[in-house]
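Coordinate inspection notes
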Amino acid sequence: MKKVLLALLLVAAFSASTFAQTNSNKNSQRSEAYLHFTNARMLADQGQTAEALAEYKKALDLDPGNSSIYSGMAETYMRAQRVREALDAAQKAVKADPDNIDAHKILASVYTAMIGDQNASQPITEETINQAIHEFEEIVRVDPTDQQSYLM
């Protein structure tokens, strides 16, 4: 009986130790991801798009489900007029967190830009218009005080 109890105590102690290490590793990765995210934001603000995107990718490697990282990346792509990549990153942000208002705003901007692009090689589709409307509805759902989205 004493051996069984001792074995159970050892298993419990080992499990707690392993759990603490796992949590510590996750926190360390999340901290490192945040550092890359912050560097990316600063680089993007300085107009260093390629470097900023490289930092966002490093952050995503460490925290692949982080909606804020995808949003920042989408915003950087939009500033660089890389619309398709901005659309992809913003969609990933919304998938990771449906309440990420920044991602919805970026998507709304992308669709609005596509609608307003008079140099577009393809005509505006009803689907693009409906997607823009949907994004403005999502913005209002997440933030009912956003007057500009109501107007759009």
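Now for a quick tour of the structure.

Some words on the pattern of salt bridges
Under the counting rule described, the total for this entry stands at 10 salt bridges. Between aspartate 45 and arginine 79 there is a salt bridge, with its nearest N and O atoms 3.3 Å apart. Of this pair, aspartate 45 sits in helix 1 (residues 2-45) while arginine 79 is found in helix 3 (residues 67-79), placing the two residues 34 residues apart along the sequence. By relative accessible area, aspartate 45 is classed as exposed at 60%. Look at arginine 79 and you get partly exposed, because its relative accessible area is 47%. With its nearest N and O atoms 3.4 Å apart, the salt bridge here joins glutamate 55 to lysine 58. One end of the pair, glutamate 55, and the other, lysine 58, are both in helix 2 (residues 49-62), three residues apart, so they sit about a helical turn from each other. Relative accessible area serves as the criterion here: at 12%, glutamate 55 is assigned to the buried category.

Overview of helix 2
Structural remark: α-helix, 3.6 residues per turn; residues separated by three or four positions point the same way. Helix length check: helix 2, at 14 residues, gives a terminal C-alpha distance of 20 Å against a target of 20 Å (1.5 Å per residue), a fit within 8%. By the burial criterion, the buried members of helix 2 are Ala52, Leu53, Glu55, Tyr56, Ala59 and Leu60. Each buried residue of helix 2 sits inside an arc of 160° when the element is viewed along its axis, so together they form one side. Turned more than 90 degrees off the buried face of helix 2, the exposed positions are Ala50 and Asp61.

Points about the nonpolar core
Residues Tyr56, Ile69, Met73, Tyr77 and Leu107 are the most contacted members of the largest nonpolar core, which totals 24 residues. Within the residue set of this core, elements represented by two or more residues are helix 1, helix 2, helix 3, helix 4 (83-96) and helix 5 (101-116). Looking at this core element by element, the count peaks at six residues for helix 4. Every residue in contact with methionine 73, bar those within four places of it in the chain, is listed here: Leu53, Tyr56, Lys57, Leu60 and Ala89.

Calculation notes
- Residues numbered from 1 in each chain as written.
- Predicted model: local features only at pLDDT ≥ 70, side-chain atom pairs only at ≥ 80, totals over all residues.
- Heavy atoms only, no water.
- Salt bridge = Lys/Arg side-chain N within 4 Å of Asp/Glu carboxyl O.
- Helix = DSSP H or I, 4+ residues; strand = E, 2+ residues; numbered from the N terminus.
- Buried < 20%, exposed > 50% of the residue type's maximum accessible area, 1.4 Å probe, protein only.
- Expected span 1.5 Å × (residues − 1).
- Arc of directions from axis to C-beta.
- Core = buried A, V, L, I, M, F, W, Y, C linked by side-chain atoms within 4.5 Å.
- Contact = heavy atoms within 4.5 Å.

Functional significance is not addressed by these values, which are geometric in nature.
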